[in-house]
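Letter by letter, the chains look like this.
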Amino acid sequence: MEKIEIIGGRALNGKVQISGCKNSTLPILATTLLSKGVHRLKNVPRLRDVTTFCRLLAGMGAEIVGRQGERELLVDTTGIDKLEAPYDLVRTMRASVLVLGPLLAHYGEARVSLPGGCAIGARPIDQHLKGLKLMGAEIELIEGYIYARARRLRGAPIYLDISTVTGTENLMLAACLADGKTIIENAACEPEVIELAQTLIDSGARIYGAGTGSLEIHGVTSLSPIEHSIGPDRIEAGTFAIAAAITQGEVEIVGCIPEHLRALIIKLKEAGVKLELADHSLLVQGPAAIKPVNIETLPYPGFPTDLQAQFMALMCLAEGSSIIKENVFENRFMHVAELRRMGADIQIQGSTALVRGVKDLKGASVMATDLRASAALIVAGLASKGETVVHRIYHLDRGYERIEEKLSLLGADIKRIP
Ligand code: EPU
C-alpha cells in the first residue's frame, strides 16, 4: 500500500494553484442524469472520488470521455438504461447517493444501495428520503437497497430537521423536474450548493434563494445538458493556508475564493497569521509564534468541519491551550490518537477537544483514517522534527489532487512511496 514520507521542518514558500472542488464536482456529475445528451465539464479535479462517480455513471450506461489530461469531461447520458447505484460503489463513496433524486425525477425509479456509517459518523440519509417521500416517491428498503418509484414527483414544502449538504442537493436535483413548486426550508448554504444551483439554472432550472436557508424550486418539464467549469476547492485552499501557517512559511494560494474561507481566515488572524486577500488569491504568512484559538464547527458560513482536523494540527503547536468543538459529525476526532503519537497533548471529552500546545511535534508512523484526518497528519508532519510516515493514503487521494507534488513545489521534503 502506498504511503507518504515527510521530513519536517521546512518552511513552505511560493505559489500553489488550487484545483476544482471535489464536493461541487460530485453533485454536478449527478446532474447529468437529469437530461439525455452530452454534458461538458471543465476544471474537473483528478481525484479518486471523481473516478468513482464516473464509474457509477458508466455502470448505468453513460459514456465518459476525458480530454486535456481529463480536466475536461464529456458525459454522454444518451444510453442510460440501468437505474442503479450498486453496493460496491456506494460503500467506497457515500456521495453516490446523490444519484437517487435525479434518477427518480427523470426516470421515475431508482435502486440505490443504502450507505452505511463511515469513519466520521453514522451519517444517516433520513432527510433525503423524507423529502423524496413528501414529493410523492414510494420508498422501500429491501436487502440493503433503497427502491424508489414515482410516476412524476410533485413539488412540496420540505423542512429539513438538519441542514444537510448532500440532502439539500439531492432534493434540489429532484425538485427541478417535479410537477409544481418545492420549498426547502433550513436548506444548506454551502458554496457547493450555490454552484450546483447555478449549474442547474444555466441548463434551464428555476431555482431561487440558493445560498439562503430557504430554497424555492419551480419544476420544469426538461433541462438541457450541462456545460460548466468547476469552481475552486475551498477545503484544499484552507488546507494549504494552514500548512503555510504551521511551517512559518509564505505561500500565495492562487485560484481560490477567499470569501468562501471567511471563518478560517478570521481564526487564522486570531492565531497571529498574516493574510492578504485578493479576489482570487490569498497570501499567507506564518507567525513566529502561534496563538491559541478556540473553534467550533458549524454549517456554512460557520467554521467548516472539513478543516477541523488540519486546524487542530496547527493548535498542537500554539503557545497555550485551545478548545475545539466538533458539532457536525459525532466521530470526527480519529486524528487525535495519531497526533498524540507525534507528541501532541490533546484530551477529548465528548465532542470537545482540549489541545494544549507543545513546543515540538516529533515525526512518527501514523495511520490516516479519513480524508481530512490524512490532511491533518500531513500538515503536522510538515512541522514535525524528523520523519513522518503517513499510511493508508488512499483516503487522501479521494480529495486532494497530487498533494505531495504541490507541497514539494513549495519546498517541502515529501514523497510518495509506492
Ligand atoms: N444528517 C442526518 N440525516 C440526513 C443527512 C445528514 O442526520 O439525512 C447528519 C449527518 O450525519 C451529519 C450532519 O447531518 O451529522 C451533516 O451532514 P451532511 O449531510 O451535511 O454531510 P454530507 O452531505 O454527507 C457533505 C460533504 C462532506 C462535509 C459535510 C459537511 C460532500 C460530498 N460531502 O457531506 O465532505 O464534511 O457535507 O460540510 O459534499 C469531505 O469532503 O471530507 C467530506 C466529508
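Rules and cut-offs
Residues numbered from 1 in each chain as written. Predicted model: local features only at pLDDT ≥ 70, side-chain atom pairs only at ≥ 80, totals over all residues. Heavy atoms only, no water. Helix = DSSP H or I, 4+ residues; strand = E, 2+ residues; numbered from the N terminus. Buried < 20%, exposed > 50% of the residue type's maximum accessible area, 1.4 Å probe, protein only. Lys, Arg positive; Asp, Glu negative; His and termini not counted. Salt bridge = Lys/Arg side-chain N within 4 Å of Asp/Glu carboxyl O. Contact = heavy atoms within 4.5 Å. Domains from an automatic or database assignment. Buried area = accessible area lost by both parts, 1.4 Å probe. Polar contact = N/O pair within 3.5 Å; in protein donor to acceptor, adjacent residues only side chain to side chain. Pairing = 2+ DSSP bridges. Axes fitted to C-alpha atoms, helices over the stretch in contact; angles between N-to-C directions. Parallel < 35°, antiparallel > 145°, perpendicular 65-115°, else oblique. Nonpolar A, V, L, I, M, F, W, Y, C, P; charged D, E, K, R; others polar.

For the rest of this paragraph, the subject is the side chain of Arg372. Secondary-structure assignment places Arg372 in helix H12 (residues 371-382). Of the side chains bearing the opposite charge, Asp306 lies closest to the buried Arg372, which forms no salt bridge; the N-O distance is 4.3 Å. Residues contacting Arg372, with those up to four places away along its chain left out, are Lys22, Asn23, Ile235, Asp306, Ala309, Gln310, Arg332, Gly399 and Tyr400.

Turning to the domain arrangement of the protein, a few remarks are in order. Its domain assignment divides the protein into domain 1 (3-19 + 232-417) and domain 2 (22-229). Measuring from the centre of the C-alpha atoms in domain 1 to the corresponding centre in domain 2 gives 30 Å. Each partner contributes residues to the interface: domain 1 has 22 residues there, and domain 2 has 21 residues. In total, domain 1 and domain 2 occlude about 1800 Å² of area from one another, counting both sides; carbon and sulfur atoms represent 49% of this. Of all residues in domain 1, Tyr300, Arg398 and Glu401 bury the most surface against domain 2, accounting for 34% of the area lost on that side. Taken together, the connections running from domain 1 to domain 2 amount to three salt bridges. Here Arg398 and Asp49 are joined by a salt bridge, their closest N and O atoms 2.8 Å apart. The tally of links between domain 1 and domain 2 comes to ten residue pairs in polar contact (both at pLDDT 80 or more).

What follows deals with the sheet that holds strand E12 (residues 206-208). Backbone hydrogen bonds hold the strands of a sheet together, and the pairing may be parallel or antiparallel. Spatial strand order, E10-E11-E13-E12: four strands in an open sheet with mixed pairing. With one partner strand each, in any of the chains shown, strand E10 (157-159) and E12 form the two edges of the open sheet. Strand-to-strand twist across the sheet, computed as the mean angle between neighbouring axes with direction ignored, equals 15°. As defined by bridge partners, strand E11 (residues 181-185) adjoins strand E13 (residues 214-218) across five bridges and the pair is classed as antiparallel. For Ile184, the partnering residue across the bridge sits in E13 and is Leu215. Set on the sheet, helix H6 (residues 165-176) makes contact with E10, E11, E12 and E13; between it and E13 the angle comes to about 25°.

Right, let's talk about the packing of helix H1 (residues 22-31) against helix H2 (residues 48-60) for a bit. For the pair H1 and H2, the least separation of the axes is 10 Å and the interaxial angle reads 5°. The angle between H1 and H2 places the two elements in the roughly parallel class. Here Lys22, Thr25, Leu26, Leu29 and Ala30 of H1 come into contact with H2, specifically with Asp49, Val50, Phe53, Cys54 and Leu57. When the residues that make up the contact of H1 with H2 are grouped by side-chain class, the tally is seven nonpolar, one polar and two charged.

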